[in-house]
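Residues per chain are reported as follows:
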Amino acid sequence: MSELVVSRLAAKNWPFSLEYLPQPVYMVGGAVRDAILGRVREYVDLDFIIPVDAVKVARKIAQRYQAGFVLLDAERQIARAVFPEATADFAQQDGESLITDLYRRDFTINAIAYNPHTQEIIDPLEGYKDLESGLLRMISPVNLQNDPLRLMRAYRQAAQLGFTIESTTQETIRSLAQDIRKVAAERVRVEVGYLLATSHGTFWLNTAWQDGVLTSLFKNATDESFIKLSAVDEAYALIKHRWQELGEELTDYVRETVKTSWLSIAKLACLVDSKPEIAELELQELTYSRAEIRGVTTGLRLFAEIKTVNMPLRKQYFLFREMGILFPAVLVLALANDIVAKGRFEESMLVTYEPLIKRYLDKNDVVAHPIPLLNGKDMMTALNIPASPLIGELLMEVGVAQAEGKISTVEAAIEFAANLVKT
């Protein structure tokens with residue numbers, strides 16, 4: 001093993017000192033794999049195997065460095081120390097020796113250990129060879145069967161690393177495909193999320209579906225769904241090239257608490273039923289959040305609406321009210337569907353969306369980004385009428401009139417609303 005790899009794994013790169021780790025101790029998993037591959041992560045994710053007292057060691061390190069402490073599994077003795085720029089997981093050795101532990105892992109490339117005290121690399125399953133060959137190889141079918149989430153992790157890791165799944169491993173995954181039903185939906189959803197987040201994941205999502213692993217989750221997906229999924233990647237690249245700001249917005253998260261991008265929402269819309277009400281039930285079953293479900297169903301409802309030529313301002317106003325910050329996701333879905341329908345991209349496709357795009361990108365546009373002249377309380381006071389559904393209707397009509405350029409001041413808005421009440 002090269003000195004460079006050992007240097008990448010050295011304790012000087014950790015958020016805590018080596019002196020707090022007992023002997024022996026072993027670093028395993030992704031950190032070792034990535035060091036060998038030369039992959040650099042902004043956020044450091046370390047995993048250690050400790051023969052005894054793993055939780056005690058984790059708690060001591062967390063206390064010493066004022067890091068967060070999380071007991072992940074009391075029975076199996078796994079705990080986590082959370083630092084500002086890193087996490088470190090500490091697990092009790094599984095089995096009577098390190099070798100036994102490594103043989104219980106998922107893939108050979110994740111079963112390479114490093115002893116930081118001796119700087120020794122332990123690789124009983126020849127994971128280093130598979131790293132050199134770009135192969136994801138299972139350790140045993142039983143290991144996949146014992147934790148069926150590993151079936152989905154195979155596709156995710158292949159996408160992340162640019163690897164190929166070794167043929168026997170893929171055959172085994174196909175034979176165990178139905179076991180994915182034993183895994184909690186939210187755990188599978190996380191793996192799907194990784195694949196939705198990158199264009200590299202599209203091929204592997206399709207492969208997972210062809211292999212039968214995703215068919216029980218996305219029951220209404222078809223071959224056409226994955227053609228659309230690829231078209232979303234193409235549409236995103238075109239939009240990003242032409243309107244960088246829209247491209248950046250598509251990679252924003254739905255919310256800070258919901259780590260799904262708007263681009264992923266558009267892709268997710270390809271995998272569910274095209275009817276929004278059925279799609280909503282599917283996504284609820286998969287435990288997606290209300291924000292994610294709303295994003296998908298809004299996209300499915302509106303993507304065909306936004307390419308209407310010479311659309312009246314009134315309709316544009318209501319469309320933007322419904323879409324809000326969802327506009328980029330609706331747009332990329334609409335363009336993707338155009339590409340699928342034609343079988344290729346044509347420059348004229350973008351022309352039909354340009355008027356709405358220009359409005360959306362202009363933050364002062366009163367159609368796409370209206371600033372209300374009145375609120376409900378203002379309306380009730382000015383017209384001396386009580387709270388009722390009428391107030392909402394009046395505010396909506398005032399908004400439309402403002403979008404159409406009929407009014408632009410508070411006084412004009414009040415007069416306009418008063419006339420509506422009279423008629």
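Residues numbered from 1 in each chain as written. Predicted model: local features only at pLDDT ≥ 70, side-chain atom pairs only at ≥ 80, totals over all residues. Heavy atoms only, no water.

A. Just the nonpolar core, in detail. Residues Phe16, Phe48, Phe90, Met152, Phe218, Ile306 and Phe327 are the most contacted members of the largest nonpolar core, which totals 122 residues. Here the element with the most residues in this core is helix H17 (residues 327-342); it accounts for ten residues. Filtering out sequence-adjacent residues up to four positions away, Ile306 remains in contact with Met311, Leu319, Met323, Phe327, Val330, Leu331, Ala334, Thr352, Tyr353 and Leu356. If you look at the next biggest cluster of nonpolar residues, it comprises twelve residues, including Leu383, Ile385, Ile391 and Ala413. (Core = buried A, V, L, I, M, F, W, Y, C linked by side-chain atoms within 4.5 Å. Buried < 20%, exposed > 50% of the residue type's maximum accessible area, 1.4 Å probe, protein only. Helix = DSSP H or I, 4+ residues; strand = E, 2+ residues; numbered from the N terminus. Contact = heavy atoms within 4.5 Å.)

B. Focus on the packing of helix H20 (residues 376-383) against helix H21 (residues 389-403). The N-to-C vectors of H20 and H21 enclose an angle of 100 degrees; their axes lie 10 Å apart at closest approach. Relative to H21, the element H20 is oriented roughly perpendicular. Here Gly376, Met379, Met380 and Leu383 of H20 come into contact with H21, specifically with Ile391, Leu394, Leu395 and Val398. Tallied by class, residues from the contact of H20 with H21 come to seven nonpolar, one polar and no charged. (Axes fitted to C-alpha atoms, helices over the stretch in contact; angles between N-to-C directions. Parallel < 35°, antiparallel > 145°, perpendicular 65-115°, else oblique. Nonpolar A, V, L, I, M, F, W, Y, C, P; charged D, E, K, R; others polar.)

C. Layout of the packing of aromatic side chains. Per the stated rule, a full pass over the model turns up 14 aromatic pairs. Summarising the aromatic geometry, the rings of Trp14 and Phe16 are spaced 5.4 Å apart at their centres and angled 45 degrees between planes, so their arrangement reads as tilted. The exposure class assigned to Trp14 is buried, which follows from its relative accessible area of 9%. Judged by its relative accessible area of 3%, Phe16 falls in the buried class. An angle of 45 degrees between the planes, with centres 5.7 Å apart, marks the rings of Phe320 and Phe327 as tilted. Both residues of the pair, Phe320 and Phe327, count as buried. (Phe/Tyr/Trp six-rings, centres within 6.5 Å; stacked < 30°, edge-to-face > 60°.)

D. Local environment of the pairing of strand S11 (residues 258-261). Sheet analysis places strand S10 (residues 253-255) next to S11, joined by two bridges and oriented antiparallel. Across the sheet, the residue bridging to Arg255 is Val258, located in S11. Adjacent in sequence and paired antiparallel, S10 and S11 are bridged by two residues. (Pairing = 2+ DSSP bridges.)

E. Structural detail: the pattern of salt bridges. Enumeration according to the criterion identifies 26 salt bridges in this entry. Asp34 is the partner of Arg33 in a salt bridge, and the nearest nitrogen-oxygen pair spans 3.1 Å. Taking the shortest distance from any N to any O, the salt bridge between Asp101 and Arg105 comes out at 3.0 Å. Judged by its relative accessible area of 4%, Asp101 is buried. The network of salt bridges with shared partners includes Asp147, Arg153, Arg156, Arg187 and Glu191. (Salt bridge = Lys/Arg side-chain N within 4 Å of Asp/Glu carboxyl O.)

F. Spotlight on the pairing of strand S2 (residues 44-50). Examined bridge by bridge, strand S1 (residues 26-27) and S2 share two bridges and lie antiparallel to one another. Looking at S2, one finds that Met27 is bridged to Phe48. With seven bridges joining them, S2 and strand S5 (residues 86-92) adopt parallel strand pairing. Bridged to Ile50 within S5 is Gln92.

G. Examining the environment of Phe83 more closely. By the secondary structure assignment, Phe83 is in strand S4 (residues 78-83). Given the relative accessible area of 7%, Phe83 is considered buried. As a C-alpha pair, Phe83 and Gln66 span 17 residues in sequence and 8.4 Å in three-dimensional space. Setting aside anything within four residues of it in sequence, one finds Phe83 in contact with Pro15, Phe16, Tyr43, Ile61, Tyr65, Ala67 and Ala88.

H. Geometry of helix H2 (residues 30-37). With seven of eight residues buried, H2 lies mostly within the body of the structure. What H2 keeps buried is the set Gly30, Ala31, Val32, Arg33, Asp34, Ala35 and Ile36. Residues of H2 that are buried in the fold lie against helix H1 (3-9), S1, S2, strand S6 (113-115), helix H5 (127-133) and helix H7 (149-161). Directly after H2, the chain includes Gly38, whose backbone phi takes a positive value near 75 degrees.

I. Broad picture of the environment of Gly295. Within the secondary structure layout, Gly295 lies in helix H15 (residues 290-302). Given a relative accessible area of 3%, Gly295 falls into the buried group. Along the chain, Gly295 and Trp204 lie 91 residues apart, while their C-alpha atoms are 23 Å from each other. Not counting the four nearest positions on each side in its chain, Gly295 is found in contact with Ile265 and Leu326.

Geometric descriptors of this kind do not, in isolation, establish any biological role.
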